[in-house]
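For reference, the chains in residue letters:
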2 protein chains.
Amino acid sequence: MTESARSLSPGSPARQASLRAHNLGVLLAAVVDSTTPPSRADLAQLTGLTRATVSALTDRLLAAGLVTVLPTVRAVSAGRPAAPLVPAAGTLAAVGAEIDVDHLAVRVVDLTGATLGERIVPGDHRSSDPAPVLAALAALCRDVVAAAAADLPVAGLCVALPGLVDSGAGRLRIAPNLGWRDVDVVGALSGLLDRPGLRVVQANEATLAAQAEARALRESGVTSFFYVSGEIGIGGALVRDGRIVAGSHGWSGEIGHTLVDPAGPRCGCGASGCLEQYAGTDALRRRAGLPIDRGVGELSALAGRGAPGAVAALQAAGHALGLALSTAVNLLDVDTVVLGGTFAALVDHLREPLQQQLRSRVLWDAWAPVAVRPALVTSGAALAGAALSIRSEIVRDPLAWIER
Amino acid sequence: MTESARSLSPGSPARQASLRAHNLGVLLAAVVDSTTPPSRADLAQLTGLTRATVSALTDRLLAAGLVTVLPTVRAVSAGRPAAPLVPAAGTLAAVGAEIDVDHLAVRVVDLTGATLGERIVPGDHRSSDPAPVLAALAALCRDVVAAAAADLPVAGLCVALPGLVDSGAGRLRIAPNLGWRDVDVVGALSGLLDRPGLRVVQANEATLAAQAEARALRESGVTSFFYVSGEIGIGGALVRDGRIVAGSHGWSGEIGHTLVDPAGPRCGCGASGCLEQYAGTDALRRRAGLPIDRGVGELSALAGRGAPGAVAALQAAGHALGLALSTAVNLLDVDTVVLGGTFAALVDHLREPLQQQLRSRVLWDAWAPVAVRPALVTSGAALAGAALSIRSEIVRDPLAWIER
């Protein structure tokens, strides 16, 4: 049986073996998260572990191909040369996948976070039958892994979904824009991938995108924000002190169906006047009079040239987004809003009507105005988050991976 | 200098004295929170402290008049008789006060939580000048304390306010229904009370009411809920695992200005179509055609007799409240909504239209329907929360009180 780091929970006695597993994760995380490659001495200082423990654990990580030593450099002060440690490149494959309304995507990363391979396949999954979509995604996973990581052990697969993921029941509960209800995505993919024992997990796309953004924002000091993700559907997630605030079921942050106008259009969720009907990509195209195959780049260019339909559509979207975000800010009390997905690309058009709503509806705007910023991770944020979440599992518990 | 429990913070070295202060608080909390009065032996078991430590600390709490020994009872099994400990009655005064749009209130409780004295004075503080209202509240505080607790040491005063309290800046930022902006409530009250050194604090009324409700709900096992407080203004607070979720500035839960209809009436906050304009008490009276001096009891009775104006007003209020709560549930992912203040009294009229909105707008209603319950603390919840918050400060750090 594997003595994994998971067994070190608060309140339970820490046995030697589980302590070792825990410390192995602490060390690997320190190597992965460091901006400059740390030496064993640096790691002892960073973690508070003894030099001897650091050396023994580092040897284990080296032997398992999880870290590598860079060519040694001589320290500025006299003494032994430092041996900087970095996460190992190209020794394992962490697979992120995405089912969205207008595309499938797969990305393979290694422990450094570098992309080994990626493919995005456009499609139209509105009101689709889950079975062929899942079969296509499984085939795409096999292709990308075969092309980019044929010889590598696969650490796991995380699939980003545009809907409510019920982790307890292991099902995608509802994805309104796909028209899916109660689908066993993990079970279906596991069956199709022909890799017995492969860890397959699922998560909400906005949550994964917010995780990728939180990682990108770390250096800037912004650790708490509401992330709103614009696609055909609109999702959201609250990040507080660098971590997702999950709520009772892991479903918090669902801003897409916030009421904008009771007289507004009928929404895929069954209600009327939801934010998605103003600021979702299909709604934007419809309001701007654009065919369904046009991207937000074209919409933005049209608005830039002053085309009245495009300008009006973006004005309405910014207004609706501002209304919904005002409610979110009043309820969550958060200082920063991050615009992700299509909203990052459209920020120049959305910002003014959006901020006008924040100014008039956020109760504390006069004393603590909300900062609005486009996401740093502009393309494939959910896909990036999915791949990184598998990588994070290895970092959290390297021993479970080593002893698999 | 007082060696208070506050100095025992994570990451700082725990000196003997601060450890003792911390343990004194742990013991007093165990006595205050126990449903059956614990003996010293029970306390040792409950807290994990040694019998000797428990005895020494208990003696200190007894000497300070913070706990008392009930008449000893003989244990069922053989052995020494148990000496059950209870919080001391009538040894100190914790003062809660409230400034609301239609009343002022003061309540004095002791360490048992029992009310020693209380007065509620109706008034009309819409668009009022803060100075005379604060003078009236100070006079009321003096009167109630003089009548109910003249000989007792006063532990502090907490005032509940219907607006945004900025703890950092020490000011009430805005209370739209009072028409107050940037008022130094604590400074003004401190100056008026003629008790130099008295601890005076302020907090949002819905937050305090939610704290009182969380305490009342503990026995039922409901520890996470969104509390919505109906008065002339509408406030809210999120309780997760028994604790208020504060947000970045302590302002989270502000549901009163959630958009219900952009074509709706102008609100005191400056925006239009806010929840308060449908479900606040003034709005209810206006929509039902009732004069401003009538209570919600009369409104409820009228609706019970089928009076069309009252029925329509309550229907619109339930609908609006359901819309706003759907948004809150989708954003916060919480299983239970507690209706406080006037909403508790009106629950029979509000429940159906409210739950209809939750059913149609909460994304996970089919798998995890939201429970809606009236508050257990039905009258003066904010006042109760204010008095209890001063009592909680003593319980958290008895040594600071003993050594004052």
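The structure displayed is predicted, hence computed values, not measured ones.

Here's the deal with the overall build of chain A
Of the regular secondary structure elements, chain A holds 14 helices and 15 strands. Here chain A has a C-alpha radius of gyration of 23 Å; the compact-globule value for 404 residues is 22 Å, and the two agree. Dimensions along the principal axes, computed over C-alpha positions, put chain A at roughly 70 × 50 × 45 Å. Counting every position in chain A, which comprises 404 residues, the buried fraction comes to 54%.

Topic: the packing of helix α9 (residues 296-304) of chain A against helix α10 (residues 308-332) of chain A
All names here are of chain A. Orientation of α9 relative to α10, taken along the N-to-C sense of each, is 110°, at an axis distance of 7 Å. One way to sum up the angle between α9 and α10 is to call them roughly perpendicular. Every residue of α10 that contacts α9 at L299, L302 and A303 is listed here: A310, V311 and L314.

A few points about the packing of aromatic side chains
Given two aromatic rings, one states the distance between the centres and the angle between the planes to describe the pair. Scanning all chains against the criterion turns up two aromatic pairs over all chains. Seen from their ring centres, W251 of chain A and W364 of chain B are 5.1 Å apart, and the 40° between their planes marks the pair as tilted. In this pair, W251 of chain A is assigned in the loop between β13 (243-244) and α7 (276-279) and W364 of chain B in the loop between α12 (347-361) and β15 (371-374), connecting two distinct chains. Comparing W251 of chain A with W364 of chain B shows no difference in burial state: the two are buried. Over the ring of W401 of chain A we find R404 of chain A; its NZ or CZ atom is 3.7 Å from the centre of that ring.

Here we look at the sheet that holds strand β7 (residues 164-166) of chain B
Residues and elements named next belong to chain B. Pairing is antiparallel across the open sheet formed by three strands, whose spatial order is β7-β8-β9. The sheet is open, and its two borders are formed by β7 and β9 (180-183), each paired with just one other strand. Along the sheet, successive strands turn relative to each other by an average axial angle of 15°, direction set aside. Relative to strand β8 (residues 171-175), β7 is paired through three bridges, and the arrangement is antiparallel.

Looking at the environment of V108 of chain B
All names here are of chain B. As for its position among the elements, V108 is in strand β4 (residues 103-109). Owing to a relative accessible area of 0%, V108 belongs among the buried residues under this scheme. As a C-alpha pair, V108 and L388 span 280 residues in sequence and 9.5 Å in three-dimensional space. Residues in contact with V108, not counting those within four places in the same chain, are A93, A94, V95, A114, T115, L116, G117, V144, V145 and A149.

Overview of the pairing of strand β5 (residues 115-122) of chain B
Residue and element names in this part refer to chain B. Taken together, the seven bridges between β4 and β5 define a ladder with antiparallel strand orientation. Counterpart to H103 in the pairing with β5 is P122. Between β4 and β5, which pair antiparallel in sequence order, lie five residues; one of them, G113, sits at a positive phi of approximately 90°.

Remarks on the interface of chain A and chain B
Reports of interface size often rely on the accessible area that becomes lost once the parts have come together. The interface of chain A with chain B comprises 43 residues on the first partner and 43 residues on the second. One can count 22 residue pairs in polar contact (both at pLDDT 80 or more) joining chain A with chain B. Looking at the side of chain A that touches chain B, the elements that each hand over two or more residues are β8 (171-175), β9 (180-183), α10 and α12 (347-361) of chain A. It is α10 of chain A that provides the largest number of residues to the side of chain A that touches chain B, a total of six residues. Class assignment for the residues of the side of chain A that touches chain B results in 22 nonpolar, twelve polar and nine charged.

Considering the environment of V86 of chain A
Residues and elements named next belong to chain A. Secondary-structure assignment places V86 in strand β2 (residues 85-87). C-alpha of V86 to C-alpha of P38: the two residues are 48 residues apart in sequence and 7.6 Å apart in space. When near neighbours in sequence (up to four residues on either side) are disregarded, V86 contacts V31, P37, L66, V67, T68 and L70.

A word on unusual backbone geometry
The phi dihedral of D182 of chain A is positive, around 50°, even though this residue is not glycine. D182 of chain A sits in the partly exposed class, given a relative accessible area of 29%. Even without being a glycine, D241 of chain B presents a positive backbone phi close to 50°. Note on placement: D241 of chain B falls in the loop between β12 (234-240) and β13 (243-244).

What to know about the side chain of S229 of chain A
As for its position among the elements, S229 of chain A is in strand β11 (residues 225-230). Leaving out residues up to four positions away in the same chain, S229 of chain A has contacts with A206, I234, G235, G340 and F343 of chain A.

A closer look at the relation of the copies chain A and chain B
Between chain A and chain B, which share one sequence, the superposing operator has a rotation angle of 180° and an axial displacement of 0.1 Å; the RMSD is 0.1 Å. The superposition operator between the copies reduces to a two-fold rotation axis. Looking at the rotation axis and the C-alpha trace of chain A, the residue lying nearest is D261 of chain A, at 2.9 Å. Looking at the interface residues of chain A, 100% of them are also at the interface in chain B, so both copies use one shared face.

Looking at the sheet that holds strand β15 (residues 371-374) of chain A
Strand pairing in a sheet takes place through backbone hydrogen bonds and is either antiparallel or parallel in direction. Residues and elements named next belong to chain A. With respect to topology, five strands assemble into an open sheet ordered β13-β12-β11-β14-β15, the strand pairing being mixed. Edge positions in the sheet fall to β13 and β15, since each has one partner strand and no second. Across six bridges, β11 lies against strand β12 (residues 234-240) in antiparallel orientation. When the bridges of β12 are listed, V228 appears paired with G236.

Quick word on the pairing of β4 of chain B
Remember that side chains alternate between the two faces of the sheet whenever the strand is regular. All names here are of chain B. The buried fraction of β4 amounts to seven of the seven residues, a majority that puts the element mostly inside the structure. Residues H103, A105, R107 and V109 line one face of β4 and the alternating positions L104, V106 and V108 line the opposite face, and both faces are buried. Of the strand pairs in this sheet, strand β3 (residues 93-100) and β4 are connected by seven bridges, and their pairing is antiparallel. Bridge assignment links E98 to a residue of β4, and that residue is A105. Linking β3 to β4, which pair antiparallel, is a turn of two residues.

Focus on the pattern of salt bridges
Scanning the entire structure with this criterion turns up 30 salt bridges over all chains. We note a salt bridge from R126 of chain B to D124 of chain B, for which the minimum N-O separation is 2.8 Å. With relative accessibility at 22%, the residue R126 of chain B sits in the partly exposed group. Of the charged contacts, one joins R171 of chain B and D182 of chain B as a salt bridge, the two residues approaching to 3.6 Å between their closest N and O atoms. With R171 of chain B in strand β8 and D182 of chain B in strand β9, the pair connects residues that are eleven residues apart, well separated along the chain. Salt bridges sharing partners connect three or more residues here, namely D124, R126, D282 and R285 of chain A.

Re the confidence of the model for chain A
For chain A, the mean per-residue pLDDT works out to 92, and 94% of the residues sit at or above 70. In the predicted assembly, ipTM is 0.91 and pTM is 0.92.

Structural notes on the state of the cysteines
All names here are of chain A. Here the structure, examined in full by the defined rule, presents zero disulfides over all chains. C141 provides the cysteine sulfur closest to C158, a residue in no disulfide bond, and the two sulfurs are 11 Å apart. A relative accessible area of 1% means that C158 is categorised as buried. The thiol of C269 is unpaired, and the distance to the nearest cysteine sulfur, on C274, comes to 3.7 Å.

About the criteria used
Residues numbered from 1 in each chain as written. Chains lettered and ligands numbered in written order. Predicted model: local features only at pLDDT ≥ 70, side-chain atom pairs only at ≥ 80, totals over all residues. Heavy atoms only, no water. Helix = DSSP H or I, 4+ residues; strand = E, 2+ residues; numbered from the N terminus. Rg over C-alpha atoms; globule rule 2.2 N^0.38 Å. Buried < 20%, exposed > 50% of the residue type's maximum accessible area, 1.4 Å probe, protein only. Axes fitted to C-alpha atoms, helices over the stretch in contact; angles between N-to-C directions. Parallel < 35°, antiparallel > 145°, perpendicular 65-115°, else oblique. Contact = heavy atoms within 4.5 Å. Phe/Tyr/Trp six-rings, centres within 6.5 Å; stacked < 30°, edge-to-face > 60°. Lys NZ or Arg CZ within 6 Å of the ring centre and 35° of its normal. Pairing = 2+ DSSP bridges. Polar contact = N/O pair within 3.5 Å; in protein donor to acceptor, adjacent residues only side chain to side chain. Nonpolar A, V, L, I, M, F, W, Y, C, P; charged D, E, K, R; others polar. Least-squares fit on C-alpha atoms with pLDDT ≥ 70 in both. Salt bridge = Lys/Arg side-chain N within 4 Å of Asp/Glu carboxyl O. pLDDT = per-residue confidence, 0-100. Disulfide = S-S within 2.5 Å.

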